[in-house]
Amino acid sequence: MILDDIIKKTKEDLEIREKEFTLDWLGRSLAFNARQPRPIHEYLQSSEDEPYRIIAEVKKASPSKGVIREDFDPLAIAQAYERGGANAISVLTEPHFFQGDLEYLAGIRRYVGTPLLRKDFIVSKYQILEALVYGADFILLIAKALTRADLKELLNYSRHLGMEPLVEIHDKTDLTKAIFAGADIIGINHRNLETFEMDMELCHKLIPLIPNGKIIVAESGIYEHGQLEDMRRVGVDAFLVGESFMRQDDIESAVRKLKTGK
């Protein structure tokens, strides 16, 4: 399965990086920079004034679609997202299957004030500390890729560093893991990471099972304002959108139109 392949390659890369830049080196780098991540809850929690919060994604490619945007300039894309009113920006850093790069995260952090999500297949504390050093304010943890114990451990470590994870789920089993781990921000991915099939009714199916007080993020397959209205009615706070923005000529206007419907 593709998810297994991604995780295997991620772990191979980690072995190399941990030898080149040790955990101790990352810790010293963080202490030198003394950067504090922003509390992300306030940016993702919907309100009467701003019912549709957008996490706009910097994404060049995917395993299912190949290259999505040929003229890929991560900084220009992130700046367009910021001008368009995105509440947070997701930066793909996985290099082999999504053609991402950690340097995209660092480069965007220098010039963009919007909160940043490191979106990757995170399986170790090293990657979480790495995310903070490179400029992330929060990270993605994928329930499907982790055991219950590992998810809880990584979630707690992330909080120890001041970052609240977005815990991604796709089914009831994932949701059980997320609740066990104590996740406060739960992302429902309409795309199955094992089969890449889409289920746009997943929010309607899973949200009634989620305890009150959680911030809920809908992910994948979102491209028009009517979808936001429909999912907001069942309790979605924020929407992670990548591919549909990446295919637009005017990204700034696309963000604004999705948020407002105009």
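Before reading further, recall that the structure is shown in the block above.
In this report, we go over the structure that sits alongside the text. Small disclaimer: the values here were computed from a predicted structure and weren't measured. (Residues numbered from 1 in each chain as written. Predicted model: local features only at pLDDT ≥ 70, side-chain atom pairs only at ≥ 80, totals over all residues. Heavy atoms only, no water.)

Describing the pairing of strand β5 (residues 116–119)
The alternating pattern of β5 places Leu116 and Arg118 and Leu117 and Lys119 on opposite faces, both of which are buried. Sheet topology places strand β4 (residues 88–92) next to β5; four bridges connect them, and they run parallel. The residue bridging leucine 92 from the neighbouring strand is lysine 119, located in β5. A crossover connection joins β4 to the parallel β5 through helix α5 (residues 102–111); in handedness this β-α-β unit is right-handed. Alignment of β5 against strand β6 (residues 138–142), held across two bridges, turns out to be parallel. (Buried < 20%, exposed > 50% of the residue type's maximum accessible area, 1.4 Å probe, protein only. Helix = DSSP H or I, 4+ residues; strand = E, 2+ residues; numbered from the N terminus. Pairing = 2+ DSSP bridges. Right-handed = clockwise from strand over helix to strand, strands pointing away.)

With respect to the environment of phenylalanine 245
Within the secondary structure, phenylalanine 245 sits in helix α11 (residues 243–246). You can call phenylalanine 245 buried: its relative accessible area is 2%. Sequence separation between phenylalanine 245 and glycine 213 is 32 residues, and the spatial gap between their C-alpha atoms is 29 Å. In this structure, phenylalanine 245 is in contact with Ile54, Ala56, Arg69, Tyr81, Ile251, Ala254, Val255 and Leu258, ignoring residues within four places of it in sequence. (Contact = heavy atoms within 4.5 Å.)

With respect to the packing of helix α7 (residues 148–160) against helix α8 (residues 172–181)
The contact between α7 and α8 brings their axes to 9 Å, and the two run at 45 degrees. By the angle class used here, α7 and α8 are oblique. In terms of crossing hand, the pair formed by α7 and α8 is right-handed. The residues of α8 that touch α7, namely those facing Arg148, Ala149, Leu151, Lys152 and Leu155, are Thr176, Lys177, Ala178, Phe180 and Ala181. Partitioning the contact of α7 with α8 into residue classes produces six nonpolar, one polar and three charged. (Axes fitted to C-alpha atoms, helices over the stretch in contact; angles between N-to-C directions. Parallel < 35°, antiparallel > 145°, perpendicular 65-115°, else oblique. Left-handed = near helix turned anticlockwise from the far one by under 90°. Nonpolar A, V, L, I, M, F, W, Y, C, P; charged D, E, K, R; others polar.)

Examining the sheet that holds strand β1 (residues 53–58)
If you trace the eight strands once around the closed barrel, you get β1-β4-β5-β6-β7-β8-β9-β10, paired in parallel fashion. Shown here is a sheet whose adjacent strand axes are inclined to one another by a mean of 25 degrees, direction ignored.

What about helix α10 (residues 225–233)?
Of all the positions in α10, only His225, Gln227, Leu228 and Met231 are classed as buried. Each buried residue of α10 sits inside an arc of 150 degrees when the element is viewed along its axis, so together they form one side. Looking at the buried positions of α10, the neighbouring elements they touch are β1, α9 (202–206), β9 (215–219), β10 (238–241) and α12 (251–260). Once α10 finishes, glycine 235 follows within two positions and takes phi at roughly 115 degrees, a positive value. (Arc of directions from axis to C-beta.)

Focus: unusual backbone geometry
Although it is not a glycine, glutamine 99 adopts a positive phi angle of roughly 55 degrees. As for its position among the elements, glutamine 99 is in the loop between β4 and α5.

Details of empty space enclosed by the protein
In total, this model carries one cavity of 30 Å³ or more according to the counting rule given. Taken as a whole, the largest cavity encloses approximately 50 Å³ of empty space. Lining of the largest cavity is provided by Ile142, Lys144, Glu168, Ile169, His170, Asp174, Asn189 and Leu193. (1 Å grid on protein atoms, 1.4 Å probe; cavity = no way out; pocket = protein on both sides within 12 Å on 5 of 7 lines; lining within 4 Å. Points joined across faces, edges and corners; volume = space filled by probe spheres on them.)

Some points on α8
Within α8, the full set of buried residues consists of Asp174, Leu175, Lys177, Ala178 and Ala181. Projection of α8 onto a plane perpendicular to its axis shows the buried side chains occupying an angular sector of 160 degrees, all on one side. Exposed residues pointing more than 90 degrees away from the buried face of α8 are listed as Lys172 and Thr173. Where the residues of α8 are buried, they touch α7, β7 (166–169), β8 (185–189) and α9. Measuring from the side-chain oxygen of the N-cap residue of α8 to the backbone nitrogen of threonine 173 gives 3.2 Å; that N-cap residue is aspartate 171. Glycine 182 occupies a position one or two residues after α8 and carries a positive phi of about 90 degrees. (Polar contact = N/O pair within 3.5 Å; in protein donor to acceptor, adjacent residues only side chain to side chain.)

Observations concerning the layout of surface pockets
In this structure, the largest pocket spans a volume of roughly 410 Å³. When residues of the lining of the largest pocket are traced back to their parent elements, those giving at least two are β6, β10 and α11. When the residues that make up the lining of the largest pocket are grouped by side-chain class, the tally is eleven nonpolar, six polar and ten charged.

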